[in-house]
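Survey of secondary and tertiary structure
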Amino acid sequence: MLDIWFTENHTEGYKVSWRIDKILHSERSRFQEIAVVESPDLGRALLLDNTVQTTTRFEFIYHEMIAHVPLMIHPRPQRVMVIGGGDGGTVREVLKHPTVETVELVEIDERVIQVSKEWLPQLSSALNSDRVKILTVDGLQYVKEKAAHYDVIIVDCTDPGGPSLALFTKDFYQDVYNALTEDGIMVSQTGSPTFSPHFVEAVKGIRQVFPCSSPYLTCEPSYIAGFWSFTAGSKKYALDTVNQDRMAAITTRYYTPEIHRAAFVLPKHIQEQI
Ligand code: AG3
């Protein structure tokens, strides 16, 4: 067996490695290094700048939690925007909600979309739906041009750095707030609460702008073995609201209303940090 390992450096002193069988694709786009590799334990993985974005074995956890939490809080989500998320996994989950009329996918790097279409059909086939509108523009600018339009905005971005850095600032969260309708909800992935130096900053930024906000946690083994965080901001609805009756229409493997509520229960040391 080949002994080739992929390693992601989470900090200077903490790395996560897993064996890869094959490099299926690798290129440099205008924005980043894009690769797709095959791993015996994680399945097919999308890497951007040597950072794992998603794996076919565990992507359902991340994508269900980033999408269904805000969509189940909102009583009737119709217009949704996804910033980043060019692999299509988040859009696939959003489309499970029959109330959703349109999902705009705002992905800066069209090569991520093309590579995902070729190698990750389990995620990207959702992008062919006629309810999806794809815009290959900078989400940061795009969101500024919109006012009171979306019910839910999901920020499925890479970790802060490169094109994503500005997506973790208070100014950006304010633009997202303005782009939402009066009862709108946003969620952003906010990294590892243990290792990301940007976690606390992002949580505080969202809290300064939205009347209701909180991080929520899940475990996604593709990134690290411990917690991964998302942070939700809501203009009107409490974050533990779950419109339970709508679950009947939605098939999930990870998300349940109980998981939704439990995810907002934070360990004491994380509460103390934020
Ligand atoms: N979005 C980013 C996940 C964060 C990965 N971070 C890391 N490995 N350090 C993933 C896109 C999935 N649709």
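Each value, and the rule that gives it
- Residues numbered from 1 in each chain as written.
- Predicted model: local features only at pLDDT ≥ 70, side-chain atom pairs only at ≥ 80, totals over all residues.
- Heavy atoms only, no water.
- Helix = DSSP H or I, 4+ residues; strand = E, 2+ residues; numbered from the N terminus.
- Rg over C-alpha atoms; globule rule 2.2 N^0.38 Å.
- Buried < 20%, exposed > 50% of the residue type's maximum accessible area, 1.4 Å probe, protein only.
- Contact = heavy atoms within 4.5 Å.
- Polar contact = N/O pair within 3.5 Å; in protein donor to acceptor, adjacent residues only side chain to side chain.

Of regular secondary structure, the protein possesses 9 helices and 13 strands. Here the C-alpha atoms of the protein give a radius of gyration of 17 Å, agreeing with the 19 Å that 2.2 N^0.38 yields for 274 residues. Taken along its principal axes, the extent of the C-alpha atoms in the protein is 55 × 45 × 35 Å. Per-residue burial for the protein yields a buried fraction of 57% across its 274 residues. The contacts of the protein with a sequence gap of at least 6 include a subset with a gap of at least 24, amounting to 66%.

For the rest of this paragraph, the subject is the environment of Asp151. Mapped onto the fold, Asp151 is located in strand β10 (residues 150–156). The class of Asp151 is buried, set by a relative accessible area of 8%. Sequence separation between Asp151 and Leu135 is 16 residues, and the spatial gap between their C-alpha atoms is 18 Å. Contacts of Asp151, omitting those with residues within four sequence positions, involve His74, Arg76, Pro77, Gln78, Arg79, Leu180, Thr181, Gly184 and Ile185. Separated by 3.5 Å, the side chains of Asp151 and Thr181 make a polar contact.

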